[in-house]
Every structure is written in C-alpha cells, then in structure tokens.
Amino acid sequence: MANAIMIAALAGLASAMLAAAAVSGPGVGLFFAIIAPLPLMIVAIRWQPLLAVLGGALMAAALAFFLRGSAAISFSVLVTLPAFIVGSILWRGHFENRAMVGILCLSAAGYAVLATLVGAFSISFDYAELEQHLLRQSEQVYRFMMGIGRDAPLTAPGGQDPQMFIQAYANAVAPLSCAMLAIIYMFNIWLAAKIAHRSNPAAFNWTPAYSMQFPRLMLPVSAVALLGGMLPGYPGLIMELIGTAAVVCLTVLGYAAVHHALVGKSFRTPVLAILWIMTIVFAFPVLVMLAAGIAELALGWRERIVANRKT
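All residue numbers refer to position in the chain's written sequence, counted from 1. For a predicted model such as this one, the threshold for reporting local features is a pLDDT of at least 70, and the threshold for listing and counting side-chain atom pairs is 80 or more; totals across whole chains, interfaces and linings nevertheless cover every residue. Just so you know, side-chain values use all the structure's heavy atoms and leave hydrogens and water out.

Chemist: Can you help me understand helix H10 (residues 233-261) in this one?
Modeler: Quick reminder: α-helices carry 3.6 residues per turn. Residues three or four places apart thus point the same way. By the criteria applied, helices consist of DSSP H or I runs no shorter than four residues and strands consist of E runs no shorter than two, each listed in order from the N terminus. Any helix carries an expected span of 1.5 Å times its number of residues minus one. End to end, H10 covers 42 Å across 29 residues, agreeing with the expected 42 Å (1.5 Å per residue, within 8%). For the exposure calls, accessible area comes from a 1.4 Å probe over protein chains only, and a residue counts as buried if that area is under 20% of its type's maximum, exposed if over 50%, partly exposed in between. In terms of burial, H10 is a largely internal element, 21 of the 29 residues being buried.

Following this line, the structure appears as structure tokens:
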C-alpha cells in the first residue's frame with residue numbers, strides 16, 4: 001500500500017513539474033507541457049486508475065495550498081481526470097483491441113471538446129461576453145505580433161482592415177484549442193500505453209495504434225456537427241467543437257491507415273519519413289490524410305489492402 005501511494009504521489013509530482021515547464025518558453029518547455037498527463041496516464045494504465053486519481057488529488061491539494069485554487073482545478077481537469085478516464089476504459093472495457101484503440105482516440109477527442117467548453121464557460125456563460133473577451137485577447141495578440149503599441153491605432157499589411165484578422169483569430173481560438181487538446185491527449189495515450197506494454201507485456205497487451213477502427217456513423221455525425229457549427233451562440237460553438245474533434249479523428253485515421261497499409265513493404269520507412277517531414281513543413285499533407293481517413297471509413301481501402309496481404 002505504501003509503495004502504491006508513493007508511485008501515485010511521484011506520478012502526480014512529475015505531471016505537475018512537466019506542466020510547470022511551460023513557463024520556460026517554447027521548445028523543450030512546450031514539449032514538457034504537452035506530455036504533462038503522461039506520468040499519471042502510465043500509472044492509470046499500468047497499475048490502477050484510482051492510483052492516478054490519488055496522485056492527482058495529492059498534487060492538486062499542494063497546488064491549492066502553495067499557489068491558488070484555480071491552478072488545482074486546471075490540473076485536475078486537464079491532467080488528472082483524463083488519466084482516470086483512459087485507465088477506466090482500458091481496465092473495464094471488453095472490446096476487441098482494434099476497436100479499443102479507436103474508442104480511446106474518440107474519448108480523447110470527446111474530452112478535448114468538454115475541456116474547451118469548460119474553459120469557455122469559465123470565462124462567461126453569456127456567449128456575447130465570451131466573444132468580447134476573445135476579441136480583446138485577439139487584439140492583444142495582434143498588437144504583439146505586429147509590434148503595435150497599446151494605445152497606437154491598429155494597422156494591417158497592404159492597407160487591409162485589421163479587425164478582419166482579429167475577428168478571424170478570435171473565431172479560431174476555440175476550435176484550434178480543441179484540436180490541439182485532442183492531439184495532445186491522443187499522443188499521451190499512445191505513449192503511455194506503449195510504455196506500460198514495454199514494462200510488462202504479460203500484464204498489458206497493446207495492439208499497434210495504426211490498426212485503429214472507427215464506426216462509420218462518424219461520417220454523418222461529423223457532417224451534421226460541422227453544419228451545426230453555423231448556429232448562433234453556444235449551440236453553434238458546441239457543434240463546431242464536435243465537428244473539429246471529428247475532423248481530428250478522421251485525420252488521425254488517415255495517418256493510421258497509411259501506416260497500416262504499408263506494413264511489410266520494403267519502402268515503408270522512407271515513405272513514412274517523407275510523409276511526416278512534409279507534414280511538419282507543409283500543411284497540405286494533413287488535408288490529404290483527412291481525405292484518406294474519410295475514404296477509409298467510407299470505402300475501407302486500408303482493410304482491402306491488409307486483407308489481400310494476408311491472403
């Protein structure tokens with residue numbers, strides 16, 4: 001029991017230290033902040049979900065005591081609770097492994113939607129006030145990026161209307177935050193599961209993430225959510241976030257399908273290296289992978305290639 005409490009406490013401390021690394025700036029500090037949920041997720045998957053809750057609760061109490069209550073709440077919502085949910089799904093689920101990977105991916109995206117909404121509601125339950133807050137924040141970011149003083153008049157390159165850029169940025173904050181959170185949670189789940197499997201393969205069996213499967217119902221749900229994003233107020237924001245999370249899942253499915261389809265091919269490594277390098281440098285491979293994910297879900301092209309290889 002003492003060892004379990006020690007593991008939980010150390011995992012909570014590690015997650016908190018990784019989250020705090022964000023203040024050191026971009027680069028390594030940003031990467032550490034991204035993997036902040038990892039220690040607690042490893043504990044939840046490798047040992048027990050409640051141990052992750054214990055470690056997170058101990059650290060949240062310390063944050064509330066030494067810093068402020070809002071830091072404790074943020075840590076609990078963004079780090080502890082996702083670890084508990086992931087561990088609970090894996091420990092209690094009785095799904096086929098490929099379906100389990102898809103369920104975890106959808107869970108990460110769904111939780112990103114909820115976390116983004118919590119952030120929006122923490123600003124205001126009045127959508128008009130939320131919009132004004134985002135516009136003010138966007139203007140500050142715009143002034144900083146363009147080197148414009150606080151009281152100086154706003155200008156834009158080429159004589160364009162600066163309010164157009166500010167409004168576009170304000171509109172993109174919520175969906176971009178949702179997309180980034182979904183990717184971060186998916187990455188941490190994958191890495192935590194890999195580490196848990198490597199540490200004890202007999203106790204935790206993990207199937208390759210590239211074999212993930214989604215229900216075809218995702219396609220009409222995604223389309224309805226994206227169309228619903230045009231609704232006014234919070235209903236439109238909620239639908240927009242659901243649509244954004246669905247697009248992230250479909251894009252991840254596209255990458256997974258390409259990885260799976262190339263298994264056993266001699267040129268797999270260079271092709272995948274080129275794909276990821278181009279993804280980092282350019283934006284268009286993401287759109288191609290989104291199309292590949294939609295095609296996989298609608299037509300099952302990856303499944304046909306894999307089935308032909310087996311025969």
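Chemist: What am I meant to see in the packing of aromatic side chains here?
Modeler: Each aromatic ring pair is specified by the distance between its two centres and by the angle formed by the two planes. Ring geometry is summarised as follows: Phe, Tyr and Trp rings, the Trp one being its six-membered ring, pair when their centres sit within 6.5 Å, and such pairs are stacked at plane angles under 30 degrees, edge-to-face over 60 and tilted between the two. Per the stated rule, a full pass over the model turns up 7 aromatic pairs. Between Tyr127 and Tyr234 the ring centres are 5.2 Å apart and the planes differ by 75 degrees, which places this aromatic pair in the edge-to-face class. Of the two residues, Tyr127 sits in helix H7 (residues 127-146) while Tyr234 sits in helix H10, which places them 107 residues apart along the sequence. Measuring from centroid to centroid gives 4.7 Å for Tyr255 and Trp276, while their planes differ by 20 degrees, and the two rings are stacked. Here Tyr255 is found in helix H10, whereas its partner Trp276 is found in helix H11 (residues 268-281), with 21 residues between them in sequence. Exposure remark for Tyr255: the relative accessible area of 9% places this residue in the buried category. Taking relative accessible area as the criterion, Trp276 reaches 38% and is therefore assigned partly exposed.

Chemist: Could you clarify how one ought to interpret the environment of Val113 in this entry?
Modeler: Among the structural elements, Val113 can be located in helix H6 (residues 97-123). With 69 residues separating them in the primary sequence, Val113 and Ala182 have C-alpha atoms 8.0 Å apart. Contacts were defined at the residue level, with two residues in contact if any of their heavy atoms lie within 4.5 Å. When neighbours within four sequence positions are excluded, Val113 is seen to be in contact with Cys178, Leu241, Ile242 and Ala245.

Chemist: Please clarify how helix H3 (residues 38-46) should be interpreted in this entry.
Modeler: Within H3, 8 of the 9 residues are buried, which leaves the element mostly enclosed by the surrounding structure. Here H3 has its buried residues at Leu38, Pro39, Leu40, Met41, Ile42, Val43, Ala44 and Ile45.

Chemist: How do you make sense of a nonpolar patch on the surface when you look at a structure like this?
Modeler: Exposure above 30% relative accessible area and the absence of a salt bridge qualify a residue for a patch, where like charges join within 9 Å and nonpolar side chains (Val, Leu, Ile, Met, Phe, Trp, Tyr) within 5 Å. Exposure was quantified through the Shrake-Rupley algorithm and a 1.4 Å probe, taking into account, for residues, occlusion by the shown protein chains and nothing else. Salt bridges are identified by distance alone: a Lys or Arg side-chain nitrogen within 4 Å of an Asp or Glu carboxyl oxygen. A surface patch of nonpolar side chains, about 630 Å² in accessible area, is lined by Ile277, Ile280, Val281, Phe282, Phe284 and Val288. Of all the elements in the fold, those that place two or more residues in the nonpolar patch are H11 and helix H12 (284-299). Here the element with the most residues in the nonpolar patch is H11; it accounts for 3 residues. Relative to the helices and strands, Val288 resides in helix H12. Residue classification places Val288 among the partly exposed positions, given a relative accessible area of 46%.

Chemist: How should the layout of surface pockets be read in this particular structure?
Modeler: Over the atoms, a rolling probe the size of a water molecule traces out where space has been left empty. Cavity: a set of points on a 1 Å grid over the protein atoms alone where a 1.4 Å probe fits but cannot get out. Pocket: an open set with protein on both sides within 12 Å along at least five of seven lines, its lining residues, like those of a cavity, having an atom within 4 Å of a point. Grid points are joined across faces, edges and corners, and a volume is the space filled by probe spheres set on the points. Of the pockets and cavities examined, the largest pocket occupies roughly 1200 Å³. In terms of lining residues, the largest pocket is bounded by 31 residues, among which Ile183, Met186, Val252, Tyr255 and Trp276 are the most central. Of all the elements in the fold, those that place two or more residues in the lining of the largest pocket are H6, helix H8 (162-199), H10, H11 and H12. Take the lining of the largest pocket: its biggest share by element is 10 residues, from H8. Grouping the amino acids of the lining of the largest pocket by side-chain chemistry returns 27 nonpolar, 3 polar and 1 charged. Taken as a whole, the second largest pocket spans an internal volume of roughly 650 Å³. Forming the walls of the second largest pocket are 20 residues, and the residues nearest its centre are Ala115, Thr116, Gly119, Ala120 and Ser177. Contributing elements (two or more residues each) for the lining of the second largest pocket: helix H5 (69-92), H6, H7 and H8. We call Asp, Glu, Lys and Arg charged. Ala, Val, Leu, Ile, Met, Phe, Trp, Tyr, Cys and Pro are nonpolar, and the rest, Gly among them, are polar.

Chemist: Could you clarify how one ought to interpret the pattern of salt bridges in this entry?
Modeler: Proximity of charged atoms lets side chains of opposite charge pair with each other. Counted under the stated rule, the structure contains 2 salt bridges. The residue Glu296 makes a salt bridge to Arg302 at a minimum N-O spacing of 3.4 Å. With a closest N to O distance of 3.1 Å, Glu303 and Arg302 form a salt bridge. Owing to a relative accessible area of 26%, Glu303 belongs among the partly exposed residues under this scheme. Among the charged side chains, a salt-bridge network with shared partners connects Glu296, Arg302 and Glu303.

Chemist: Explain empty space enclosed by the protein to me, please; I cannot follow it from the model alone.
Modeler: Inspection of the entire model under this criterion finds 1 cavity of 30 Å³ or more. By volume, the largest cavity is sized at about 60 Å³. Around the largest cavity, the lining residues are Pro82, Ile85, Val86, Ser107, Ala108, Tyr111, Tyr185 and Ile189. Elements supplying a minimum of two residues to the lining of the largest cavity: H5, H6 and H8.

Chemist: Before we go on, may I ask you to explain the side chain of Asn188 in this structure?
Modeler: Looking at where Asn188 falls in the secondary structure, it is placed in helix H8. Whenever two N or O atoms come within 3.5 Å, that pair is a polar contact, provided that in protein one can donate a hydrogen and the other can accept it, and provided that, for residues adjacent in sequence, both atoms are side-chain atoms. Reaching out from Asn188, the side chain makes a polar contact with the backbone oxygen of Ile184 at a distance of 2.7 Å. When near neighbours in sequence (up to four residues on either side) are disregarded, Asn188 contacts Ile34, Ile35, Ala36, Pro37, Leu38 and Met41.

The analysis is restricted to geometry; functional conclusions fall outside its scope.
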